[in-house]
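Here is how the chains run, residue by residue.
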Amino acid sequence: MIEVQSLTFRYEVSERDALRDVNLTVPDGAFLGIIGPAGAGKTTLLHCMSGIIPHAFPGDFYGAVRVGGLDTADNRLTDLSRLVGTVFQDVDSQIISSVVEDEILYGLENFGVPHEEIGDRLTAALEQVGISSLRERTIASLSGGQRQKVAIASLVALRPQILVLDEPTGELDPFSSRQIFTLLRTLNREHGMTVVVVEQKIMLLSEFADRLAVLNDGEIVKEGPVRGVLSDIPLLERIGVNCPRAALFSSLLAEKTGTEVPVCVSAEEAVEAARRVMG
Amino acid sequence: MTDLFQYVPGNSPLHRMNPVTKIALTLSVCVAAFLTDNLFVLLALILFDLMIGVAAGAFRKALAIFRGLFKVSLFLFVLQALFVRRGNRLLWIVTDEGLSTAAGVVLRLLAVCLPLALVLTVTRVSDIAGALVQVLHVPYAYAFTLTTAIRFIPQFMEEMSGIMEAQTARGVEFDTKNIFKKLGLILPLCVPLLISSIRRTGATATAAEVRGFNLRTRASGYKKYGFGLVDLAAVLISAALITGAALIP
Ligand SMILES: Nc1ncnc2c1ncn2[C@@H]1O[C@H](COP(=O)(O)OP(=O)(O)O)[C@@H](O)[C@H]1O
Ligand SMILES: [Mg+2]
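Just so it is clear, the structure is predicted and the values come from calculations on it, not from any experiment.

Student: I tried to follow the site of ligand 1 on my own but got confused; where do I start?
Tutor: Residues and elements named next belong to chain A. Taken together, 13 residues lie near ligand 1, and G39, G41, K42, T43 and T44 sit nearest. Contacts to ligand 1 include G41, whose backbone N or O atom sits 3.0 Å from an oxygen atom. In the model, an oxygen atom of ligand 1 is placed 2.8 Å from a nitrogen or oxygen of the K42 side chain. For ligand 1, whose free accessible area comes to 560 Å², the fraction covered by protein is 65%.

Below is the structure:
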């Protein structure tokens, strides 16, 4: 479980708060999506959840963040990292090794996974992310999308209780993006991993997440079940988040026909809704 | 140029050799090159380097390294030839001793640089670090610094060429033949690049920390770096190189 209580954070060099009075609880086994315009504080919030803030970024930190009962301010980053795995937004600063295999081994070795087990974990992680063929390749020879998959695999291999991902599909094509989200769903449903993901592709995110939190200008302006959040189209438009077309469509449909239409999160649902309304 | 120091996967005896042995072999070539003043011994060392390149399946790369060093070598050669005044004058201010000193400097440079570059072609940086920690008991923090530095070379080059392309598109002529003009164009770009590199190094340190950097001990490594027959052979060759260079006048 992640508990964020009255969290306000300002980077040392900055004039304004990157996060302001944020309250958020992510229960065990949840799949939370975070959306918001650029500069809203999404990355900052994830860093607070993983303990990277306050440990690696100086600044003014008020309030409290607890992960799995540990207060992030009172515990070493190393200890917090056993609980929370982070996939960074900037893949190139996340990757430490120069060969794919070594990158995935790194965390496994450091966190003391028994050596008999490491081989299987490595192979499994490569397979799950769909990069078995890249195992021996050098990082420098990979595309941005492939690097992103390596970064994800290196954390999936560690099987943390909580996994936070910052725009993990930013460099991926639609097919691979869906593949990654399908993997996240499997980890979430079958292994009980808590997943928190910041994502620009709201349509895709809405299909997989249970709940959404909307950040704007350092504040959480809405949080709740996916459909509830997406039904507030005026809010999303006001803060400049591009709303999924299906949700826009269903609200337009409701407005124009004057009937009750449930919020749609996929094209299929939109077609279904249209069919029902048109009779 | 970018891939000159890049690891090339393979399965040659050199790839399989213990990284510590590879470093030892490289260093003995260097020691031998500095022990001798005999131009033929230096030539033999270069020949040996090339054979190593062939054995590593990287002959073309070895030649590329030669080409890369050509301009520097030429510069050094001319400089030495002009400034050494001892010996008998052959032509204008050039003396026979000047020529042989100049040849010695250049051959030595080639003999030394080639194995240093080749060792990175046949060894993953992480294996160098791993073996240093496991076999030589080097503290992991030092090994990590080494790997990070070497890992940044291609990244730095990549970003550099990206910026240069962008500037070229805006009409800056980087392909000027005038070396000073070229330096004047490139140097200002290095500053922001260095700053972004340093910032990225900070981020990489955090990335390492959240994946258990502080927990790593000598026993953490999954790969074991053992010694085999190739290593024995390499040690014998190293000894032979140094003795040869020391004994042949
Ligand atoms: N390292 C930093 N130092 C100073 N200010 C920062 C730093 N990182 C982010 N900020 C500022 O904090 C705010 C939130 O940034 P960020 O969390 O990266 O937003 P998002 O991920 O939603 O785009 C922005 O105004 C940004 O300029
Ligand atoms: Mg961000």
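The structure having been displayed, the exposition proceeds.
Student: Quick question: what am I supposed to make of the packing of helix α2 (residues 19-35) of chain B against helix α9 (residues 229-247) of chain B here?
Tutor: Each packed pair of helices is defined by two parameters, the angle between the axes and the distance between the axes. Residues and elements named next belong to chain B. Interaxial distance between α2 and α9 falls to 8 Å at its minimum, and their mutual angle equals 10°. In terms of their interaxial angle, α2 and α9 are classed as roughly parallel. Where α2 approaches α9, its residues T21, A24, L25, S28, V29, V31, A32 and L35 are matched on the opposing element by D231, A234, V235, I237, S238, L241, I242, A245 and A246. In the contact of α2 with α9, the residues fall into 13 nonpolar, three polar and one charged.

Student: Sorry, what's going on with the interface of chain B and chain A here?
Tutor: Put simply, an interface is often sized by how much accessible area is lost when its parts join up. On the chain A side, the residues contacting the 32 residues of chain B number 36 residues. When the two sides are added together, the surface that chain B and chain A hide from each other amounts to roughly 3000 Å², 53% of it contributed by carbon and sulfur. Three residues, B:R151, B:R211 and B:Y222, lead the burial of chain B against chain A; their summed loss comes to 29% of the area buried on that side. At the junction of chain B with chain A, the criterion picks out seven salt bridges.

Student: Help me out: how do you make sense of the environment of A:F181 in this one?
Tutor: Residue and element names in this part refer to chain A. With respect to the element layout, F181 can be found in helix α8 (residues 174-191). The class for F181 is buried, based on a relative accessible area of 0%. It is 9.8 Å that separates the C-alpha atoms of F181 and V197, two residues lying 16 residues apart in sequence. Those residues in contact with F181, other than ones at most four positions away along the chain, are F31, T169, V197, E199, L204, L205 and F208.

Student: Sorry if this is basic, but what is going on with α8(A) here?
Tutor: The periodicity of an α-helix, 3.6 residues per turn, causes residues three or four positions apart to be oriented the same way. All names here are of chain A. Between its first and last C-alpha atoms α8 spans 25 Å; for 18 residues at 1.5 Å apiece the expected length is 26 Å, and the two agree. Taken together, the buried positions of α8 are occupied by S176, S177, I180, F181, L183, L184, L187 and N188. The buried residues of α8 occupy an angular sector of 150° when the element is viewed end-on, so they sit on one face. Among the exposed residues of α8, those pointing more than 90 degrees away from its buried face are P174, F175, R189 and E190. For α8, the N-terminal cap is D173; the gap from its side-chain oxygen to the backbone nitrogen of F175 is 3.1 Å. Immediately beyond the C-terminal end of α8, within one or two residues, lies G192, with a positive phi of roughly 65°.

Basis of the calculations
- Residue positions are counted from 1 within each chain, in the order its sequence is given.
- Chain letters start at A and ligand numbers start at 1, both assigned in the order the entries are written.
- Only residues with pLDDT of at least 70 are given local features in this predicted model, and only at 80 or more are side-chain atom pairs given and counted; all residues enter the totals for whole chains, interfaces and linings.
- Only hydrogens and water are removed before side-chain values are computed, so all heavy atoms of the structure are retained for them.
- What makes a residue near a molecule or strand is one non-hydrogen atom of that residue sitting within 4 Å of it.
- Here a polar contact is taken to be a pair of N or O atoms separated by no more than 3.5 Å, where protein atoms must pair a possible hydrogen donor with a possible acceptor and residues adjacent in sequence count only if both atoms sit in side chains.
- To be clear on the numbers: accessible area is Shrake-Rupley with a 1.4 Å probe, and residue cover counts the displayed protein chains and nothing else.
- Between the N-to-C directions of two axes lies an angle of 0 to 180 degrees, each axis being a line fitted to C-alpha atoms and, for a helix, fitted only over the stretch in contact.
- Numbering of helices and strands starts at the N terminus; helices are DSSP runs of H or I of at least 4 residues and strands are runs of E of at least 2.
- Any angle from 65 to 115 degrees is called roughly perpendicular, while one under 35 is roughly parallel, one over 145 is roughly antiparallel, and all others are oblique.
- Throughout, a contact is declared for two residues whenever any of their heavy atoms are within 4.5 Å.
- Only Asp, Glu, Lys and Arg are considered charged in this grouping, and only Ala, Val, Leu, Ile, Met, Phe, Trp, Tyr, Cys and Pro are considered nonpolar; every other residue, Gly among them, is considered polar.
- Once two parts are brought into contact, the accessible area they lose, counted with a 1.4 Å probe and summed over both, makes up the buried area.
- The salt bridge definition used is simple: a Lys or Arg side-chain nitrogen within 4 Å of an Asp or Glu carboxyl oxygen.
- Burial status follows relative accessibility: with a 1.4 Å probe on protein chains alone, a residue under 20% of its type maximum counts as buried, one over 50% as exposed, and anything between as partly exposed.
- In a helix, the anticipated span is given by 1.5 Å times the number of residues less one.
- The directions from the helix axis to the C-beta atoms are what the arc is built from.

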